[in-house]
Amino acid sequence: QLNFVESGGGLVQPGGSLRLSCTASGMTFDYYAIGWFRQAPGKEREGVSCIGSYYGYARDGTSYADSVKGRFTISRDSDKKTVYLQMNRLKPEDSAIYYCAAFKGPCGGDIHDRWGQGTQVAVSS
């Protein structure tokens, strides 16, 4: 059983939008800060966005990579145990497989090495 299931990817034209979903299982969802990561062919995984733990001082606080700030929005639904990534004004360089993972502490620190299958985003004309 995977800890996360990612979904919502697809093929979209430049300037288009997608909403990705990351649904958790086998964990106490609200305890964790959750991050979105992406990996393009031939490149390492990079952090995209993060949303903080519900129990943290900055409850549900968010952060974004400079490359996506102003275009992507991360949010969470505790009842559904799901983190979303709304992606607007997509660019070809956003093309990658997108994954989510849980941080051991606040956003930006070490992560648990547990990954889902990922969901593929392709941006092209």
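Residues numbered from 1 in each chain as written. Predicted model: local features only at pLDDT ≥ 70, side-chain atom pairs only at ≥ 80, totals over all residues. Heavy atoms only, no water.

1. As for the packing of aromatic side chains
Scanning all chains against the criterion turns up three aromatic pairs. On the numbers, 5.4 Å between centres and 85 degrees between planes, the contact of phenylalanine 37 with tryptophan 115 is edge-to-face. Taken as a pair, phenylalanine 37 in strand S4 (residues 34–39) and tryptophan 115 in the loop between strand S9 (96–102) and strand S10 (119–123) lie far apart in primary sequence, 78 residues in all. For phenylalanine 37, a relative accessible area of 12% corresponds to the buried category. Classification of tryptophan 115 as partly exposed rests on a relative accessible area of 22%. Ring centres of tyrosine 99 and tryptophan 115 lie 6.1 Å apart, and the angle between their planes is 85 degrees; on these two criteria the pair is classed as edge-to-face. You can see tyrosine 99 sitting in strand S9 and its partner tryptophan 115 sitting in the loop between S9 and S10, a full 16 residues away along the chain. A cation over a ring is seen here: arginine 45 above tyrosine 99, with NZ or CZ 4.4 Å from the ring centre. (Phe/Tyr/Trp six-rings, centres within 6.5 Å; stacked < 30°, edge-to-face > 60°. Helix = DSSP H or I, 4+ residues; strand = E, 2+ residues; numbered from the N terminus. Buried < 20%, exposed > 50% of the residue type's maximum accessible area, 1.4 Å probe, protein only. Lys NZ or Arg CZ within 6 Å of the ring centre and 35° of its normal.)

2. Looking at the state of the cysteines
One pass over the structure, following the stated rule, counts two disulfides. Residue cysteine 22 pairs covalently with cysteine 100 via a disulfide, S to S 2.0 Å. Note on the cysteine 22 and cysteine 100 pair: the S-S dihedral is about 80 degrees, so by sign convention the disulfide is right-handed. Linking cysteine 22 in strand S3 (residues 18–24) with cysteine 100 in strand S9, this pair joins segments that are 78 residues apart in sequence. Taking the relative accessible area as the measure of exposure, cysteine 22 reaches 1% and is therefore buried. Listing the disulfide partners of the chain by sequence rank of the bonded cysteines yields 1-3, 2-4. (Disulfide = S-S within 2.5 Å.)

3. Details of the pattern of salt bridges
A side chain of one charge can pair with a side chain of the opposite charge when the charged atoms of the two come close. Per the counting criterion, the structure on display carries four salt bridges. A salt bridge links arginine 38 to aspartate 94; the shortest N-O distance between them is 3.0 Å. Here aspartate 94 lies in the loop between strand S8 (82–87) and S9 and arginine 38 lies in strand S4, a separation of 56 residues in the sequence. Here arginine 38 matches aspartate 94 in class, with each residue buried. Two residues, lysine 80 and aspartate 77, come together in a salt bridge whose shortest N-O distance is 3.5 Å. Look at lysine 80 and you get exposed, because its relative accessible area is 52%. Aspartate 77 gets classed as partly exposed once you look at its relative accessible area, which sits at 22%. A network of salt bridges, in which partner residues are shared, links Arg38, Glu46, Arg71 and Asp94. (Salt bridge = Lys/Arg side-chain N within 4 Å of Asp/Glu carboxyl O.)

4. A closer look at the nonpolar core
Among the nonpolar cores identified, the biggest contains 26 residues, and Ile34, Trp36, Leu85, Met87 and Tyr98 are the most heavily contacted of them. For this core, the secondary-structure elements that each account for two or more residues are S3, S4, strand S5 (46–51), strand S7 (72–77), S8, S9 and S10. Grouped together as the second largest cluster of nonpolar side chains are five residues, Ala33, Phe37, Cys50 and Ala101 included. (Core = buried A, V, L, I, M, F, W, Y, C linked by side-chain atoms within 4.5 Å.)

5. Describing the sheet that holds S8
If you walk across this open sheet you meet the four strands as S1-S3-S8-S7, and the pairing is antiparallel. For this open sheet the edge positions go to strand S1 (4–7) and S7, each flanked by a neighbour on one side alone. Geometrically, the sheet is characterised by an average inter-axis angle of 15 degrees between neighbouring strands, direction not taken into account. Two elements, S1 and S3, share four bridges in a ladder whose sense is antiparallel. Counted as the bridge partner of serine 7 is serine 21 from S3. (Pairing = 2+ DSSP bridges. Axes fitted to C-alpha atoms, helices over the stretch in contact; angles between N-to-C directions.)

Keep in mind these values describe shape, not function.
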